[in-house]
Amino acid sequence: MAQLALQGGPKTWTGTWPTWPVWDDLERRALSDVLESGQWWYGERVRAFEAAFATFQDAQHGITATSGTTALEAALLTLGIGAGDEVIVPPYTFLATASAVLRVNAIPVFADIEPRTLCIDPDDVARRITPRTRAIIPVHLGGYVADMDRLHALAHTHALAILEDACHSWGSAWSGKGTGALGTCGVFSFQASKNISSAEGGIVLTDDAGFAERCRSFTNCGRIKDKPWYEHHLLGSNLRMTEFQAALLSAQLTRLPAQTARRACNAALLDAGLRDLPGITIMQPEPRMTRRGYHFYPFRLDCAGLRVSKEQFISALRAEGVPSSIGYDRPLYRNPLFTERAQPGPAGCPLACPYYGGVPDYTAVHCPVCEAVVRDTVWLFHTLLLADESAMPAIVAAIRKVIDNIAAVRESAANHA
Ligand SMILES: *Cc1c(COP(=O)(O)O)cnc(C)c1O
């Protein structure tokens, strides 16, 4: 049995991994064209990208924004969500899923995730619905689509909106329709780490023309189409992206289908190699998920059975030449934003909103599945899935080697303690 690289043995993989972002003359020319045109500001390139991206995800309308975070805020404002309202969100996600709710003065209510999908659990959503609930924000985690059939059924019964946080799921589809186009509206991010990027940026998608018009207004200082420029109707903000960003994104979008296909092929190779490995649990196929984009490839470790922490496992894997990430390291509700501000006091709106009539105590929130998942789930980033397929057996071999040598991982951790 080969010695772990962690203990001076040979590395499993000595090659390099793809870097991110991917770009070449296409992006260079796109940016240079905008520069030379002198038309830098919010014009035809933004409109062209909005139409192209909406079409790519099977939606009727796209409204760009400065980030995924501000796009979520604009979507919530457009849904009319505000003081006194509750919105149900998962705790295994990036902050913006919940902070956007607070930013519009509403209250995020956490529902646990499903072990099968790592996405929001419709049964737990059902338990958290109150007369104040106005919307559900499912996150399609890592590109795995939340159970939209059951969420739609709940939304229908209780007259709730569904705002998809699709910030991990470019290219994913459910029963043949793209994510972001499955709910009332959906949001994507184009921040630097995301699968298409303009450094920062976001978009709201919807099939509802009226929603699209109001959302546009919120992102453009409350202006309304065909009205005077200095006439403002809604309390919006300036969330406009530039022509430079749109030109970059249009170039990036031409790469997305091939990249999505490559990631899916490589993920299938990882699935085949890891499926029967003791101590590892991979995600299961879901027939209704007709396409899966990968922002990362998650797998769960049997930390109790292996008697290591995921941090120890990740260090050993990194030494073998395979970078991986701990991912979200806590449920969102364990952030000081929630645990400290939620204390009664002079905090004011939104957490002590007079329209809400109480202060939510996030220290009492307990989502057991999420709490286990933050302890034992490892992410392989989407850039690894862009490598040549010949690199996938090395990832499997490195994981297998660490598992086979788990006693040495434990020993090494004890020596460094
Ligand atoms: C990245 C991300 C966002 C926010 O996007 P930004 O563009 O970084 O503001 C929201 N939700 C999830 C799940 C994300 O990963």
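Up top you'll find the structure we're talking about.
On a predicted model such as this, the values are computed, not experimentally measured, just so you know.

(A) Geometry of the overall build of the protein. Each helix and strand in the protein was counted, giving 14 helices and 13 strands. Its C-alpha atoms give the protein a radius of gyration of 22 Å, near enough to 22 Å, the size a compact globule of 417 residues would have. For the protein, the C-alpha atoms occupy an extent of roughly 75 × 55 × 40 Å along the three principal directions. Out of the 417 residues in the protein, the part that is buried amounts to 56%.

(B) A look at the nonpolar core. Membership of the largest hydrophobic core comes to 72 residues, with the highest contact counts inside it found for Leu76, Tyr92, Phe110, Val125 and Leu163. Once residues within four sequence positions are removed from consideration, Phe110 is found in contact with Val89, Pro90, Pro91, Ala98, Arg128, Leu332, Tyr333, Phe338, Tyr362, Val365 and Cys367. One finds Tyr294, Val308, Ala387 and Ile395 within the second-largest nonpolar core, a separate group that totals 36 residues.

(C) Up close: the pairing of strand 5 (residues 161-165). Counting buried residues in strand 5 gives 5 out of 5 residues, a clear majority hidden from the surface. The alternating pattern of strand 5 places Ala161, Leu163 and Asp165 and Ile162 and Glu164 on opposite faces, both of which are buried. Here 2 bridges tie strand 4 (residues 133-136) to strand 5, and the two strands are oriented parallel to one another. Bridge assignment links Ile136 to a residue of strand 5, and that residue is Ile162. Following the chain from strand 4 across helix 6 (residues 148-158) to the adjacent parallel strand 5, one finds a crossover that is right-handed. Where strand 5 meets strand 8 (residues 185-189), 3 bridges bridge the pair, whose relative direction is parallel. Bridge pairing links Glu164 to Gly186 in strand 8.

(D) Seen up close, the site of the ligand. Close to the ligand lie 15 residues; Gly68, Thr69, Asp165, Ser189 and Lys194 are nearest. At 2.8 Å, a side-chain N or O of Asp165 approaches a nitrogen atom of the ligand. In this structure, an oxygen atom belonging to the ligand sits 2.8 Å away from a side-chain N or O atom of Lys194. In isolation the ligand has 380 Å² of accessible area, and contact with the protein removes 92% of it.

(E) Spotlight on the sheet that holds strand 13 (residues 377-381). Taken in spatial order, the 3 strands of this open sheet run 10-12-13, and their pairing is antiparallel. Strands at the two margins of the open sheet, each flanked by one partner only, are strand 10 (280-282) and strand 13. The average undirected angle you get between the axes of adjacent strands in this sheet is 30°. Across 5 bridges, the pairing between strand 12 (residues 296-301) and strand 13 is antiparallel. When the sheet's bridge partners are listed, Arg300 is paired in strand 13 with Thr377. Sitting on the sheet, helix 10 (residues 310-319) touches strand 10, strand 12 and strand 13, and the angle it makes with strand 13 is about 30°.

(F) Just the layout of surface pockets, in detail. Estimates place the volume of the largest pocket at around 640 Å³. As for the largest pocket, its lining consists of 25 residues, and the residues nearest its centre are Tyr42, Glu213, Arg216, Asn220 and Lys225. Taken together, the elements giving at least two residues each to the lining of the largest pocket come down to helix 2 (44-56), strand 1 (61-65) and helix 7 (209-219). Computed from the structure, the second largest pocket encloses a volume of approximately 510 Å³. Around the second largest pocket sit 29 residues that line it, and Phe94, His168, Ser193, Lys194 and Tyr328 are the ones nearest its centre. The set of elements that each furnish at least two residues to the lining of the second largest pocket consists of helix 3 (68-78), helix 4 (96-103) and strand 13. The element best represented in the lining of the second largest pocket is helix 3, accounting for 3 residues. Per-class residue counts for the lining of the second largest pocket are 11 nonpolar, 13 polar and 5 charged.

What counts, and at which threshold
- Residues numbered from 1 in each chain as written.
- Predicted model: local features only at pLDDT ≥ 70, side-chain atom pairs only at ≥ 80, totals over all residues.
- Heavy atoms only, no water.
- Helix = DSSP H or I, 4+ residues; strand = E, 2+ residues; numbered from the N terminus.
- Rg over C-alpha atoms; globule rule 2.2 N^0.38 Å.
- Buried < 20%, exposed > 50% of the residue type's maximum accessible area, 1.4 Å probe, protein only.
- Core = buried A, V, L, I, M, F, W, Y, C linked by side-chain atoms within 4.5 Å.
- Contact = heavy atoms within 4.5 Å.
- Pairing = 2+ DSSP bridges.
- Right-handed = clockwise from strand over helix to strand, strands pointing away.
- Near = heavy atom within 4 Å.
- Polar contact = N/O pair within 3.5 Å; in protein donor to acceptor, adjacent residues only side chain to side chain.
- Areas by Shrake-Rupley, 256 points an atom, 1.4 Å probe, with all protein chains shown as cover.
- Axes fitted to C-alpha atoms, helices over the stretch in contact; angles between N-to-C directions.
- 1 Å grid on protein atoms, 1.4 Å probe; cavity = no way out; pocket = protein on both sides within 12 Å on 5 of 7 lines; lining within 4 Å.
- Points joined across faces, edges and corners; volume = space filled by probe spheres on them.
- Nonpolar A, V, L, I, M, F, W, Y, C, P; charged D, E, K, R; others polar.

What is shown is where atoms sit, not what they do.
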